[in-house]
Amino acid sequence: MLFDIVCPLCMKRYPANSVVFRHNAVNLDATGNDLARYRGEDRYLQAYYTTHGIAKGSAIRMKVVDPAYFPEQDKVYSDGLLVGLRNRNGYQMEDRVCPYCHNKLYTSAGRMPMQQMAIVGASHSGKTTFEAAMIYQLRRDGIGCINNTLNEQGQIDDVVERNIEILMRGDPDRIANGTMDGRPVERVRASSGWSATENYHGPYIFSLTPGAEAQPLALAFYDLPGEHFRTNIQMISQKAPYIATARTCLCLVDLADIGTVSDVITALSSNFGTKMKQNDVNLALVLYKADQLEQAVEGIAKAMTPLTFQPHQPIDMRRIDASSEQLLKFVASRDYRLEGTYNAISDMLGRENVRLFMAQSFDEFGNFAPRGCDLPLLWSFARQGLYPQTT
């Protein structure tokens with residue numbers, strides 16, 4: 001069975017076999033062709049860069065060809081999916097690209113449905129670490145999670161895996177207040193190969209199998225600095241499709257910066273609320289950095305900790321509901337603004353579509369030990385019938 005492709009970059013939808021193919025420089029060179037004849041500025045790619053505000057020096061690429069001009073006997077299919085073209089230059093073209101923006105497509109495009117998730121939070125709220133912790137937990141708990149993310153060269157980009165390795169290595173010198181040898185931990189990570197996802201202009205794409213009997217799907221998640229959505233009109237225009245078409249939206253709540261979080265949620269509601277409601281989005285407000293909550297509010301970590309569930313077991317939606325109500329009481333006691341914005345967006349999207357969660361990436365000793373980072377996504381999957389649940 002084939003599925004329509006939704007390009008995770010330009011967001012255009014089209015049939016699985018309505019792709020185009022890009023020439024491969026290595027194969028052209030190996031077959032004795034003059035590369036200069038096949039290289040030029042890609043105006044589709046350049047238009048994508050311009051529209052999305054991506055600063056690129058050049059859109060010079062190998063040329064793209066349309067399968068419509070090839071006879072059927074020169075088209076290569078795999079289980080009905082068009083995966084290659086045999087061309088007169090003596091090699092098979094296999095680099096599928098989007099017909100609208102000419103970005104290379106991820107491996108599983110057309111073979112499984114794609115679902116988008118927006119991860120929104122203030123800059124430096126911990127989105128990069130949260131994303132690494134989420135993927136780590138999904139894999140640890142046996143949910144198939146295969147990296148399909150592509151870099152600029154069209155190769156698998158393993159930045160999330162590299163970040164996980166850095167987090168798992170840790171450092172015995174890290175101390176509870178978040179410094180190492182007197183330096184902030186984030187700076188140490190940056191000097192050790194740490195890659196912030198906010199520096200990446202496209203989505204991260206992973207093929208997931210949510211349950212034992214579930215069909216695989218491609219999850220594209222986007223890292224979005226939400227505070228810019230309040231006043232930056234250009235940012236709103238560029239990033240709107242990533243939020244408006246998402247089925248899951250996670251908003252990271254740093255309790256040390258309640259004001260910014262309230263601004264982020266208000267911006268989501270005012271700029272994207274109508275589209276989010278039309279798309280029946282599930283919004284999870286995640287009280288992140290739970291390991292630091294006890295420092296902010298004495299005794300809170302003893303009263304509330306991130307929910308955990310056994311791998312491959314149904315999610316108890318009643319526990320999630322009860323936990324969300326408890327967290328809302330805590331939020332209300334901390335700051336009336338966050339309670340007000342929570343109620344406002346819940347009224348807009350529907351009370352059943354919004355929940356509060358707690359999550360952490362580190363334990364009290366500063367070691368990488370994620371808890372609850374995968375639950376908001378699995379809750380959304382359960383609401384869509386993609387993951388088992390009990391009610």
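Structural data are supplied above this passage.
Attention here is on the structure that accompanies the text.

Thresholds, definitions, all that
- Residues numbered from 1 in each chain as written.
- Predicted model: local features only at pLDDT ≥ 70, side-chain atom pairs only at ≥ 80, totals over all residues.
- Heavy atoms only, no water.
- Pairing = 2+ DSSP bridges.
- Helix = DSSP H or I, 4+ residues; strand = E, 2+ residues; numbered from the N terminus.
- Buried < 20%, exposed > 50% of the residue type's maximum accessible area, 1.4 Å probe, protein only.
- 1 Å grid on protein atoms, 1.4 Å probe; cavity = no way out; pocket = protein on both sides within 12 Å on 5 of 7 lines; lining within 4 Å.
- Points joined across faces, edges and corners; volume = space filled by probe spheres on them.
- Nonpolar A, V, L, I, M, F, W, Y, C, P; charged D, E, K, R; others polar.
- Salt bridge = Lys/Arg side-chain N within 4 Å of Asp/Glu carboxyl O.
- Polar contact = N/O pair within 3.5 Å; in protein donor to acceptor, adjacent residues only side chain to side chain.
- Contact = heavy atoms within 4.5 Å.
- Expected span 1.5 Å × (residues − 1).
- Arc of directions from axis to C-beta.

## Quick notes on the sheet that holds strand β10 (residues 95-97)
- Taken together, the three strands give an open sheet; going across it, the order is β6-β3-β10, and neighbouring strands pair in antiparallel fashion. Sheet topology places β6 (64-65) and β10 at the edges, where each strand pairs with a single neighbour.
- Looking at chain direction, strand β3 (residues 20-22) and β6 are connected through two bridges and run antiparallel. Its bridge partner lying in β6, R22 is registered against V64.

## Overview of the pairing of strand β11 (residues 114-121)
- The element β11 is extensively covered by neighbouring structure, given that eight of its eight residues are classed as buried.
- Of the two faces of β11, the one lined by M114, Q116, A118 and V120 and the one lined by Q115, M117, I119 and G121 are each fully buried.
- Note that β11 and strand β16 (residues 217-225) share eight bridges and pair parallel. The partner of Q115 across the bridge, within β16, is L219.
- Pairing of β11 with strand β17 (residues 248-253), which is carried by four bridges, proceeds in the parallel orientation. If you follow M117 over to β17, its bridge partner there is T248.

## Points about empty space enclosed by the protein
- What the rule picks out here adds up to one cavity of 30 Å³ or more.
- What the largest cavity holds in volume is close to 50 Å³.
- As for the largest cavity, its lining consists of P306, L307, S323, L327, F357, M358, G372, L375 and P376.
- Those elements that place two or more of their residues in the lining of the largest cavity are α10 (317-334), β20 (354-358) and α12 (375-383).
- Counted by class, the lining of the largest cavity contains seven nonpolar, two polar and no charged residues.

## Overview of the pattern of salt bridges
- In total, this model carries 11 salt bridges according to the counting rule given.
- We note a salt bridge from K75 to E72, for which the minimum N-O separation is 3.5 Å.
- Its relative accessible area of 17% is what places K75 among the buried residues.
- Across the pair D158 and R162 runs a salt bridge, and its minimum N-O distance is 2.4 Å.
- Residue class for D158 comes out partly exposed when judged on its relative accessible area of 35%.

## Notes on the side chain of N87
- With respect to the helices and strands, N87 occurs in the loop between β8 (81-86) and β9 (92-93).
- A distance of 3.1 Å separates a polar atom in the side chain of N87 from the backbone oxygen of Y91.
- Once residues within four sequence positions are removed from consideration, N87 is found in contact with H23, F70 and M93.

## Looking at α10
- End to end, α10 covers 25 Å across 18 residues, agreeing with the expected 26 Å (1.5 Å per residue, within 8%).
- Of the residues making up α10, those classed as buried are M317, I320, S323, S324, L327, L328, F330 and V331. Each buried residue of α10 lies within a common arc of 165 degrees when the element is viewed along its axis, so the set occupies one face. Summarising the geometry of α10, the exposed residues directed more than 90 degrees from the buried face are R318, E325, K329 and S333.
- For α10, the N-terminal capping position is held by D316, with its side-chain oxygen 3.0 Å away from the main-chain nitrogen of R318.

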